[in-house]
Amino acid sequence: MRRPKKYESGEATQYISRRAALRKLQLSLNDFRRLCILKGVYPREPKHRRRAQKGSTEIKVLYHTKDIRFLLHESIVWTLRDYKIFAKKSSRDRAIKDFRNLKRRLALFPEIKLDHIVKERYPTFIDALKDLDDCLTLLFLFSTFPSLQLIPREQSNLCRRLTIEFLHYVIASKSLRKVFISIKGYYFQAEIKGQKVTWIVPHYYPFKPQSRQEVDFKVMSIFVEFYTIMLGFTNFRLFHGLNLAYPPQFPSSVLQDNEDTLKDEASFVSDRIAALNFELLRTDKVQEDEEELDIDMELLEQDGDSKRIIKMKQEAQEVARLRTLFKGLKFFINREVPREPLVIIIRSFGGKVSWDSSIYPGSAYDESDETITHQIVDRPSLGTQYISRDYIQPQWLFDCVNQRQLLPTNKYFLGEKLPPHLSPFVDSKRDTYIPPEEKALLDPSLIETHEQSDESEDEAEKEEEETVDQELLDAQLQLAYQEETAEYKKYGGVDGVNEDEEDLEDDDASDDDDDEEEELDEKAKRLKQEKQKMSVQSGKVHKVNKRQVHKAEVDEHRLQARMVKPRHRNLFRKLIREKQTKEKEEWLLRKKRRTIEADEKEARKTAKREARKEAAVAAAKAAKLGK
């Protein structure tokens, strides 16, 4: 039996370096990177890097050997090799000026087909929905890009068309569940076939070219190349599930890419928003499919009354109400408000929306329409206002969706200070810091205390003033009592008898009482002592020694560290570090909250002082005028 040599088995044979993989596949670095992105093959981190690198200590990019063997049988490898052949032959035709042959070669340009890769990576439709988050976020980002060196206009147009189709499905199926405004953009979460899909729509900013190559658009473009094929298949399946015609037909006035729209970025964006405000053609005559929800509720009612079933019933009822949250409401968006996220939200929950037709295309009705219930404005004041509608700020829509009910509009009027915009994507039962506003939403009893904080401060100030007046009154009464007792001792009582004589009589009576008490039996004394032992006494406050508590915690932590096995010490240190980081973050958030509340309290006090001064000055002026 041959003795195995070093690095011929085990971890050394499970990994392969990138250079060895390039030699094995006979591809360039760019083609290898493209192939790995399309096939979903990524570098791996070995457990023991030195063993995996066959004794080498330098840092190398490693892949699983089985992944590289898997790439050897991919048909795209031959297409990538055909690209090399095409480039060599076409450059030769240009050099010898054989344009007839060059034209023939351009007609036979090799194309990569990714349909089989999508089917291979996602065997079922649910698998594709699970991986839809990154796909949608990247395609929404690329749909806003202009034509760049590595991003052709055709690719951004394709991203725009696919994202609009997906948003139309979300609107038609009413599957939107959560929304949130962030610095990165607008977060949306939809529930499709039981799977939660979350994506980001970026804020609209005019594109600014990068001075340095900080972002590798070439690599991102390869991801987009795969994701466009994937989203196209997904949209086809989703549209046919709702009996909608695919591809959707839009009016001829929107999504027409001509020279004018491609040059003007504002019209390019407004066309995308206008396409969302149209109803799609259906293959059947049924407008809304609500029978499935009724069937589900009937099935739940037959299953019993367990806690899980009751929770599912409540969730189904909330979702049914959420789907028609804005039904019967008509909105009008002012020109300063970003329209795209608001159009998605309003139409996804059954509402109607429009905007100024003189500025943007695709409006359904004018501002003068008397049936408008809400007008969304993002400015402190407005010149002309209608009595029949509410003028609100855009945050009202987001908060209504997250709380699954129509909130009062008085906190969202023009010029009002908005309530905090809370994220619906965090766990309400988490161990970290929870803002008081979120606690108030979870526990309605805390809402009143939070709202009445100003009144409690006013009451505290009044109580302080009353205590000062009471102390002055008590001091005056004490002084009067001392004067009265001094006069009483000096001149005697009312009947003219001196106090010294009264004291002598009292002493004689007390001696007689003492004699009677001594005659009590011992049994009575014993009973009295037992009763005193059984009596309830007031407790004493136990002061906690913080230094001793901290010392006990440190000793306990050291004991835990000693009990951990040597192979698990790194994991234990990592857990302790994470715990310390969370505690520090919570402490910083609480400190920040305290400073904010202190500043607000001081600002309110200064405002009250100024108001009192102004009132006093006005009263003085009025008194002078009266004289």
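Residues numbered from 1 in each chain as written. Predicted model: local features only at pLDDT ≥ 70, side-chain atom pairs only at ≥ 80, totals over all residues. Heavy atoms only, no water.

The chain carries the name Pescadillo homolog in an unreviewed UniProt entry, which gives Drosophila kikkawai as its organism. UniProt, in its Sequence similarities (unreviewed entry) section for the chain, records the words "Belongs to the pescadillo family." UniProt, in the comment section headed Function (unreviewed entry), describes the chain in these words: "Required for maturation of ribosomal RNAs and formation of the large ribosomal subunit." (UniProt positions renumbered as here; feature names shortened; annotations may be inferred.)

Caption draft 1: Structural view of the pairing of strand β3 (residues 176–181). As judged from the five bridges shared by β3 and strand β4 (residues 185–192), these two strands associate in the antiparallel manner. What sits directly across from V179, in β4, is F188. Connecting β3 to the antiparallel partner β4 that follows it, the hairpin turn spans three residues. (Pairing = 2+ DSSP bridges. Helix = DSSP H or I, 4+ residues; strand = E, 2+ residues; numbered from the N terminus.)

Caption draft 2: Seen up close, the sheet that holds strand β9 (residues 390–392). The strand order across the open sheet formed by four strands is β7-β6-β8-β9, and the pairing between neighbours is parallel. The open sheet is flanked by β7 (352–354) and β9, the only strands paired with a single partner. Taken pair by pair, the neighbouring strands of this sheet meet at an average axis angle of 25°, ignoring direction. Inspection of the sheet shows strand β6 (residues 330–333) paired to strand β8 (residues 374–376) by three bridges, in the parallel sense. Across the sheet, residue F332 finds its bridge partner in β8, namely Q375. (Axes fitted to C-alpha atoms, helices over the stretch in contact; angles between N-to-C directions.)

Caption draft 3: Layout of helix α18 (residues 395–403). Across the nine residues of α18, seven count as buried, placing the element largely inside the fold. Residues Q395, W396, L397, F398, D399, C400 and V401 constitute the buried set of α18. The first or second residue beyond α18 is R404, which carries a positive phi of 60°. (Buried < 20%, exposed > 50% of the residue type's maximum accessible area, 1.4 Å probe, protein only.)

Caption draft 4: Region of interest: the sheet that holds strand β5 (residues 195–202). The strand order across the open sheet formed by three strands is β3-β4-β5, and the pairing between neighbours is antiparallel. Of all the strands in the sheet, the pair left with one neighbour each is β3 and β5. Taken pair by pair, the neighbouring strands of this sheet meet at an average axis angle of 15°, ignoring direction. With eight bridges connecting them, β4 and β5 associate as antiparallel partners. Each bridged residue has a counterpart across the sheet, and for I192 the counterpart in β5 is Q195. α18 contacts β3 and β4 of the sheet and is inclined by roughly 135° relative to β3. (Contact = heavy atoms within 4.5 Å.)

Caption draft 5: Expanded view of the packing of helix α10 (residues 132–142) against helix α11 (residues 153–173). In contact at an axis separation of 8 Å, α10 and α11 are set at 125° when each is read in the N-to-C sense. Considering their axes alone, α10 and α11 lie oblique with respect to each other. The element α10 and its partner α11 pack so that their crossing is left-handed. The segment α10 lies against α11, with L132, L136, L139, F140 and F142 engaging Q155, S156, C159, T163, F166 and L167. For the contact of α10 with α11, the residue count by class is eight nonpolar, three polar and no charged. (Parallel < 35°, antiparallel > 145°, perpendicular 65-115°, else oblique. Left-handed = near helix turned anticlockwise from the far one by under 90°. Nonpolar A, V, L, I, M, F, W, Y, C, P; charged D, E, K, R; others polar.)

Caption draft 6: Focus on the packing of helix α3 (residues 29–39) against helix α12 (residues 217–241). Packing of α3 against α12 leaves a shortest axis separation of 9 Å and a crossing angle of 40°. As judged from the angle between their axes, α3 and α12 are oblique. Along this stretch, α3 crosses α12, giving a crossing that reads as right-handed. Only K218, V219, I222, F223, E225 and F226 of α12 make contact with α3, whose side of the interface consists of N30, R33, R34, I37 and L38.

Caption draft 7: Region of the structure containing the packing of aromatic side chains. Throughout the structure, instances matching the rule amount to 19 aromatic pairs. Arranged with centres 6.4 Å apart and planes meeting at 50°, the rings of F180 and Y187 form a pair that is tilted. When sorted by exposure, F180 lands in the same class as Y187, which is buried. Members of the aromatic cluster, each reached through a chain of ring pairs, are Y122, F223, F226 and Y227. Cation over ring: R339 sits above W355, and NZ or CZ is 4.9 Å from the ring centre. (Phe/Tyr/Trp six-rings, centres within 6.5 Å; stacked < 30°, edge-to-face > 60°. Lys NZ or Arg CZ within 6 Å of the ring centre and 35° of its normal.)

Caption draft 8: Expanded view of the environment of V343. Mapping V343 onto the fold places it in helix α17 (residues 339–348). Given a relative accessible area of 0%, V343 falls into the buried group. Taking the C-alpha atoms as reference points, V343 and I273, separated by 70 residues in sequence, lie 7.8 Å from one another.

Caption draft 9: View of the confidence of the model for the chain. Of the residues in the chain, 80% have a pLDDT of 70 or more, and the chain-wide mean is 81. When pLDDT is averaged over each helix and strand of the chain, the minimum, 50, is found for helix α20 (residues 445–451) and the maximum, 94, for β4. Counting interchain partners and residues more than four positions distant, the pLDDT-below-50 stretch residues 288–295 has three contacts. For the stretch residues 448–452, pLDDT sits under 50, and the model shows three contacts to residues farther than four places along the chain or on other chains. (pLDDT = per-residue confidence, 0-100.)

Caption draft 10: The state of the cysteines, seen in detail. Applying the stated criterion across every chain, the model contains zero disulfides. Looking at C159, it has no disulfide partner, and the nearest cysteine sulfur is the one in C135, 8.9 Å off. (Disulfide = S-S within 2.5 Å.)

Caption draft 11: Unusual backbone geometry, seen in detail. The step from Y246 to P247 runs through a cis peptide bond, and the omega angle for that step is -5°. You can see P247 is positioned in the loop between α12 and α13 (259–263). One non-glycine residue, K174, lies in positive phi territory at about 55°. Considering the arrangement of structural elements, one finds K174 in the loop between α11 and β3. Positive phi outside glycine occurs at N243, with the angle close to 60°. Note that N243 resides in the loop between α12 and α13.

Caption draft 12: Structural context of the nonpolar core. In terms of nonpolar packing, the biggest core is built from 91 residues, with W199 and F326 touching the most fellow members. Tallying contributions element by element places α12 first for this core, with 10 residues. Excluding residues within four positions of it along the chain, F326 makes contact with F331, I345, I346, F349, G350, G351, W396, L397, C400, V401 and L406. (Core = buried A, V, L, I, M, F, W, Y, C linked by side-chain atoms within 4.5 Å.)

Caption draft 13: Seen up close, the side chain of T234. With respect to the helices and strands, the residue T234 is situated in helix α12. The residues touching T234, leaving out its near neighbours within four places in the chain, are F125, A128, L129 and L132.

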